[in-house]
Amino acid sequence: MAERRGTGRRGPVPAVRARWRGLLLTAALLAVCAAPFQLVPFRVFQLTMVLVYTVALIGLNLLVGHGGQISLGHGAFFAVGAYGTAIMMFHGGWPYPVTLPAAAAVAFAIGLALGVPATRLHGLYLALVTLAIAIFLVPLLKRFESVTGGSMGLTLAKPRPPAWSGLAEDQWLYFLTLAAALLALAVNHSLLRSRVGRALHAVRDNETAAEVMGVRLAFHKRMAFAWSAMFAGAAGCLYTWVIGFVSPDSFTVNLSITLLAGLVIGGLGATWGPLLGGLFVMFVPSLSQDVNKAAPGVIFGLLIIVVMYVAPTGLAGLVRRAAHSFGRTLRKG
Amino acid sequence: MLEVHELTVRFGGITALDGVGFTVARGAMVGLIGPNGAGKTTLFNCLTRRHRADGGEVRYEDRDLLAEPPHAIAGLGIGRTFQNLGLFPRMSVRENVMVGAHHHGRAGFLTAALRLPRVRREEARLREEADAVLARLDLAAVADHPAAGLPFGTLKRVELARALAGRPRLLLLDEPVNGLSHGEVDAFADTLRALREELSLTVVVVEHHMGFVMGTCDRVVCLDFGRRIAEGPPEEVQRDPAVIEAYLGTAA
């Protein structure tokens, strides 16, 4: 960001905007670091889960928002990471820090294998195939009871905060997840503003032209799928750390659909879409339960419809519009 | 540089190209004309491997072009623009042009995600090159604008810039001045002539605008119903009875 401002390439007005953005980001980071010391453990847990979903949505955003593909099966990759971590810790007795890269690698490999249909199918056809992956997962997990614990699932000890940190368990988990989320954000950002990111955008916008420019379509689609699965797998690993329990019922088709809905509502292809989507996925289902205990699904669905009416480009688009008109008001006044 | 022999393409029962053949010498500028549906764009799509040829041969710099995969064409030094704009509308003008130089980059998923120093150097180089092309085509002012919602003539120039960013030796232009105003057509012709000199380009251009073709091309090939009906210097082809008939129906 600093080098960007230094060149002054975007002219004086954007330079001011960049300074504001820098200030806002610093303030946000401070708030995010201070939050676990101000809130009760349950709220800290909720924020941790927002970050977990954010990581998964960063992956989904890479595929759907930037790659122009669709996946109704990302809950499955989330589950692969979650179960992979649980199995490594439960059966293998692996120390938890190792499980994050391992779970990410496993999800990447499976994403690469299942990414083959993504190279040939478009739109609804791809949606159907990925949906099938999500549907077929739960029975599979129940089937291999000796490894997965069947319907009962697996219960694990959560990562303990090291003594030097002086943190409580919920705070430690929060900072672990925050660090992972920031890393995911940075990796994703670097990827997108590179030659590879441009190639993905090109494939999304116009496949024919992209290929004429020398972009290998199948390779980029499949790699986008695998990288996207990797982020979901990493999020699944964080989930297992935070919850300390996995069972098949946590990873039904519903999870996949909620993730995709969360992303669309957060803002497809928008930088902050995954975070806003994570907030939505975390808070709106429980919020709708508070509104009406009998039919939380109805309220959830209605809220989605309302958001899409008010903000067709997602919450990120709404925030951008609000900031824009706020800036205009400031300049006038 | 480019030799097309007996090229045939069929779509179902329709023969889009029927044994078409012509050659393009290095440094030449060849106009490809013919009524709508004559097979001009199909020919371009064959050269860039968008369509499979059902027969015939295309040799480019002593290489069997039809054996190359579609994504390798850019790397062989062939650039192209599209009839109805093939830009990436949600990317900025600069990014569009940088995609044009895709095959000059090496960064992969992993090296890009880690933002290695050589990726950063490569990125800076690609950006510099793109900015140079944008400046050359008077597009520096719109570099950060999305490649949509700009005047049509500007978008056409963006497409040319994107094709040039790949540093092609052979440039295929599909109706580059279609939809431009008179002034814009003249300006585009001047730019193209200058670029051809500067970059020692070989150009094949599909165009309906006869003034443009006659003013810029040194050879013209005329297609009709998938067949080559005339070839030669512009003024000769223009007088060819077969060409006149193809355009106007029965010769008067």
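Remember, predicted model here, so these are calculated numbers, not experimental data. (Residues numbered from 1 in each chain as written. Chains lettered and ligands numbered in written order. Predicted model: local features only at pLDDT ≥ 70, side-chain atom pairs only at ≥ 80, totals over all residues. Heavy atoms only, no water.)

## Digging into the overall build of chain A
Line of reasoning, step 1. Per the secondary structure count, chain A includes 16 helices and two strands.
Line of reasoning, step 2. Its C-alpha radius of gyration of 20 Å places chain A within 12% of the 20 Å reference for a compact globule of 333 residues.
Line of reasoning, step 3. Taken along the three principal axes of its C-alpha coordinates, chain A extends 65 × 55 × 45 Å.
Line of reasoning, step 4. The burial tally for chain A puts 49% of its 333 residues in the buried class.
Line of reasoning, step 5. Within chain A, contacts between residues at least 6 apart in sequence are counted, and of these 77% link residues at least 24 apart.
Line of reasoning, step 6. As displayed, chain A has an accessible area near 16000 Å², and 69% of this comes from carbon and sulfur atoms.
Line of reasoning, step 7. Side-chain charges in chain A split into 26 positive and 9 negative, and the spacing between the mean points of these groups amounts to 13 Å. (Helix = DSSP H or I, 4+ residues; strand = E, 2+ residues; numbered from the N terminus. Rg over C-alpha atoms; globule rule 2.2 N^0.38 Å. Buried < 20%, exposed > 50% of the residue type's maximum accessible area, 1.4 Å probe, protein only. Contact = heavy atoms within 4.5 Å. Areas by Shrake-Rupley, 256 points an atom, 1.4 Å probe, with all protein chains shown as cover. Lys, Arg positive; Asp, Glu negative; His and termini not counted. Charge placed at Lys NZ, Arg CZ, Asp CG, Glu CD.)

## Structural notes on empty space enclosed by the protein
Residue and element names in this part refer to chain B.
Line of reasoning, step 1. By the definition in use, this model includes two cavities of 30 Å³ or more.
Line of reasoning, step 2. Roughly 80 Å³ of internal volume is contained in the largest cavity.
Line of reasoning, step 3. Lining the largest cavity are 13 residues, and of these Ala74, Ile78, Gly79, Gly100 and Ala163 sit closest to its centre.
Line of reasoning, step 4. For the lining of the largest cavity, the elements supplying multiple residues, two or more each, are strand S6 (78-80) and helix H5 (152-165).
Line of reasoning, step 5. A total of three residues in the lining of the largest cavity trace back to one element, the largest contributor, which is S6.
Line of reasoning, step 6. Across the lining of the largest cavity, the residue classes break down as six nonpolar, five polar and two charged.
Line of reasoning, step 7. Taken as a whole, the second largest cavity encloses approximately 50 Å³ of empty space.
Line of reasoning, step 8. Every residue lining the second largest cavity is listed: Thr81, Phe82, Lys156, Glu159, Leu160, Leu173, Asp174, Glu175, Pro176 and Phe188. (1 Å grid on protein atoms, 1.4 Å probe; cavity = no way out; pocket = protein on both sides within 12 Å on 5 of 7 lines; lining within 4 Å. Points joined across faces, edges and corners; volume = space filled by probe spheres on them. Nonpolar A, V, L, I, M, F, W, Y, C, P; charged D, E, K, R; others polar.)

## With respect to the sheet that holds strand S1 (residues 2-11) of chain B
Residue and element names in this part refer to chain B.
Line of reasoning, step 1. One open sheet accounts for four strands, arranged S2-S1-S4-S5; its pairing is antiparallel. Of all the strands in the sheet, the pair left with one neighbour each is strand S2 (14-24) and strand S5 (63-64).
Line of reasoning, step 2. The pairing of S1 with S2 spans seven bridges and is antiparallel. Directly across from Glu3, in S2, lies its bridge partner Thr23.
Line of reasoning, step 3. Against the sheet, helix H1 (residues 40-47) touches S1, S2 and strand S4 (55-60), its axis set at about 110° to S1. (Pairing = 2+ DSSP bridges. Axes fitted to C-alpha atoms, helices over the stretch in contact; angles between N-to-C directions.)

## Here's the deal with the pairing of strand S7 (residues 170-174) of chain B
Residue and element names in this part refer to chain B.
Line of reasoning, step 1. With five of its five residues buried, S7 lies for the most part within the structure.
Line of reasoning, step 2. Burial along S7 is two-sided: the residues Leu170, Leu172 and Asp174 and Leu171 and Leu173 are all buried.
Line of reasoning, step 3. Strand direction decides the pairing type here: S6 and S7, joined by three bridges, are parallel. Paired with Ile78 across the bridge in S7 is Leu170.
Line of reasoning, step 4. The sheet contact formed by S7 and strand S8 (residues 202-206) spans five bridges and is parallel. Each residue of the ladder has a partner; that of Leu171, found in S8, is Val203.

## Focus on the interface of chain A and chain B
Line of reasoning, step 1. Each partner contributes residues to the interface: chain A has 32 residues there, and chain B has 35 residues.
Line of reasoning, step 2. Of the roughly 3100 Å² buried between chain A and chain B, counting both surfaces, carbon and sulfur atoms make up 62%.
Line of reasoning, step 3. When the buried surface of chain A facing chain B is broken down by residue, Arg195, Arg198 and Met213 of chain A rank first, second and third, together holding 27% of it.
Line of reasoning, step 4. Inspection of the region where chain A meets chain B yields two salt bridges.
Line of reasoning, step 5. Close ionic contact of Glu211 of chain A with Arg50 of chain B constitutes a salt bridge, the shortest N to O distance being 2.3 Å.
Line of reasoning, step 6. Counting every contact that joins chain A to chain B gives seven residue pairs in polar contact (both at pLDDT 80 or more).
Line of reasoning, step 7. A total of nine residues in the side of chain A that touches chain B trace back to one element, the largest contributor, which is helix H10 (residues 195-205) of chain A.
Line of reasoning, step 8. Looking at the side of chain A that touches chain B residue by residue, the classes come out as 15 nonpolar, eight polar and nine charged. (Buried area = accessible area lost by both parts, 1.4 Å probe. Salt bridge = Lys/Arg side-chain N within 4 Å of Asp/Glu carboxyl O. Polar contact = N/O pair within 3.5 Å; in protein donor to acceptor, adjacent residues only side chain to side chain.)

## Observations regarding a positive patch on the surface
Residue and element names in this part refer to chain A.
Line of reasoning, step 1. On the surface, Arg17, Arg21, Arg328, Arg331 and Lys332 cluster together into a patch of positive charge.
Line of reasoning, step 2. For the positive patch, the secondary-structure elements that each account for two or more residues are helix H2 (12-38) and helix H16 (314-332).
Line of reasoning, step 3. With three residues, the single largest contributor to the positive patch is H16.
Line of reasoning, step 4. Looking at the element boundaries, Arg331 is found in helix H16. (Patch = residues over 30% accessible without salt bridge, like charges linked within 9 Å, V, L, I, M, F, W, Y side chains within 5 Å.)

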